[in-house]
Amino acid sequence: MSDLDQLTQSLARNLKRWRNERGFTLDALAARSGVSRGMIIQIEQARTNPSVGTTVKLADALGVSITTLLDYEQGPHVRLVPPEQAVRMWSTPAGSSTTLLVGTEARGPLELWSWSLVPGEGSASDPHPQGTTELLHVVAGVLTLVVDGVAHTVPAGTSAVFEASAPHTYRNDGEETVEMTMAVSIPPVR
């Protein structure tokens, strides 16, 4: 089975599980997420591999991180990140370093992301649920953060926090690759 097939099967199983756990009908999840009922059925039956945007909309509507939606297992959940998959955040010549990159569902989903944007590229995000907060720290380069149509210049060494229930975009308008770390706190589903 290919990686894509495994991902499709995992998403199908997990979407159905989380939808049932939340007590959402297909119509209720479609209304909450903006994803059609037919698309949700196709995903739950592993007949399609949705876009990242569709998967994020479903995760937001269910109040779980995309990591949890793609990787949720029954029982106590332990996800190991082997050294070759971890991202070193900083190090010193003496050997000190940190390599944390993980998400949790404690008190509502919390995600930690590592981003790299090469010059000329960007990524737009639909608004997240009301109460979602994003924190970011630019390690290298100059990020252009656009929130609700207003552009903010975030140079290396600068951090930002914002309410992510408005449309937002991350862009690299500069000539150096932007490296940043971002945390996303999503409120629990009520």
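Above this text sits the structure in question.
Analysis parameters
Residues numbered from 1 in each chain as written. Predicted model: local features only at pLDDT ≥ 70, side-chain atom pairs only at ≥ 80, totals over all residues. Heavy atoms only, no water. Helix = DSSP H or I, 4+ residues; strand = E, 2+ residues; numbered from the N terminus. Buried < 20%, exposed > 50% of the residue type's maximum accessible area, 1.4 Å probe, protein only. Areas by Shrake-Rupley, 256 points an atom, 1.4 Å probe, with all protein chains shown as cover. Axes fitted to C-alpha atoms, helices over the stretch in contact; angles between N-to-C directions. Parallel < 35°, antiparallel > 145°, perpendicular 65-115°, else oblique. Left-handed = near helix turned anticlockwise from the far one by under 90°. Contact = heavy atoms within 4.5 Å. Nonpolar A, V, L, I, M, F, W, Y, C, P; charged D, E, K, R; others polar. Core = buried A, V, L, I, M, F, W, Y, C linked by side-chain atoms within 4.5 Å. Pairing = 2+ DSSP bridges.

Draft legend 1. Broad picture of the overall build of the protein. What the protein contains, in helices and strands, is 5 helices and 10 strands. A total of 190 residues make up the protein; the buried ones form 35% of that total. About 10,700 Å² of surface is accessible on the protein, with carbon and sulfur atoms providing 53% of the total.

Draft legend 2. Examining the packing of helix α2 (residues 26–33) against helix α3 (residues 37–44) more closely. Between α2 and α3, the shortest axis-to-axis distance is 9 Å and the interhelical angle comes to 115 degrees. Relative to α3, the element α2 lies roughly perpendicular. α3 is crossed by α2, and the crossing has right-handed handedness. Contacts between α2 and α3 pair L26, D27, L29, A30 and S33 from the former with R37, I40, I41 and E44 from the latter. In terms of residue class, the contact of α2 with α3 is made up of 5 nonpolar, 1 polar and 3 charged.

Draft legend 3. Fine view of the nonpolar core. Judged by nonpolar contacts, the single largest core of 18 residues is most densely connected at L136, V138, L143, L145, F162, Y170 and M180. Of all elements in the fold, only β3 (110–117), β5 (133–140), β6 (142–147), β8 (159–163) and β10 (178–185) reach the threshold of two or more residues within this core. Here this core gets 4 residues from one element, more than from any other, and that element is β10. Counting residues in hydrophobic clusters, the runner-up holds 17 residues, among them L26, I43, A59 and L69.

Draft legend 4. Looking closely at the sheet that holds β5. The 4 strands lie next to each other as β3-β10-β5-β8, forming an open sheet whose pairing is antiparallel. Among the strands making up the open sheet, the edge pair consists of β3 and β8. Averaged over all pairs of adjacent strands, the angle between strand axes in this sheet comes to 20 degrees, irrespective of strand direction. Taken together, the 8 bridges between β3 and β10 define a ladder with antiparallel strand orientation.

Draft legend 5. Structural detail: unusual backbone geometry. Positive phi is not limited to glycine here, since A46 has a value of about 55 degrees. Following the sequence through the fold, A46 ends up in the loop between α3 and α4 (52–62). Although it is not a glycine, D148 adopts a positive phi angle of roughly 55 degrees. Position of D148 relative to the elements: it lies in the loop between β6 and β7 (150–155). We classify D148 as exposed; its relative accessible area is 56%.

Draft legend 6. Representation of the sheet that holds strand β4 (residues 122–125) within the structure. Pairing is antiparallel across the open sheet formed by 4 strands, whose spatial order is β4-β9-β6-β7. Strand pairing shows two members of the sheet lacking a second neighbour, β4 and β7, which therefore form its edges. Across the sheet, the mean angle separating the axes of adjacent strands is 15 degrees when strand polarity is ignored.

Draft legend 7. Focus on the packing of helix α1 (residues 3–22) against α4. Across the interface, α1 lies against α4 with an axial gap of 10 Å and an inter-helix angle of 25 degrees. Classified by the angle their axes make, α1 and α4 are roughly parallel. By crossing handedness, the relation of α1 to α4 is classed as left-handed. Facing α1, whose interface residues are L11, L15, W18, R19 and R22, α4 presents T55, L58 and L62. The residue makeup of the contact of α1 with α4, split by class, is 5 nonpolar, 1 polar and 2 charged.

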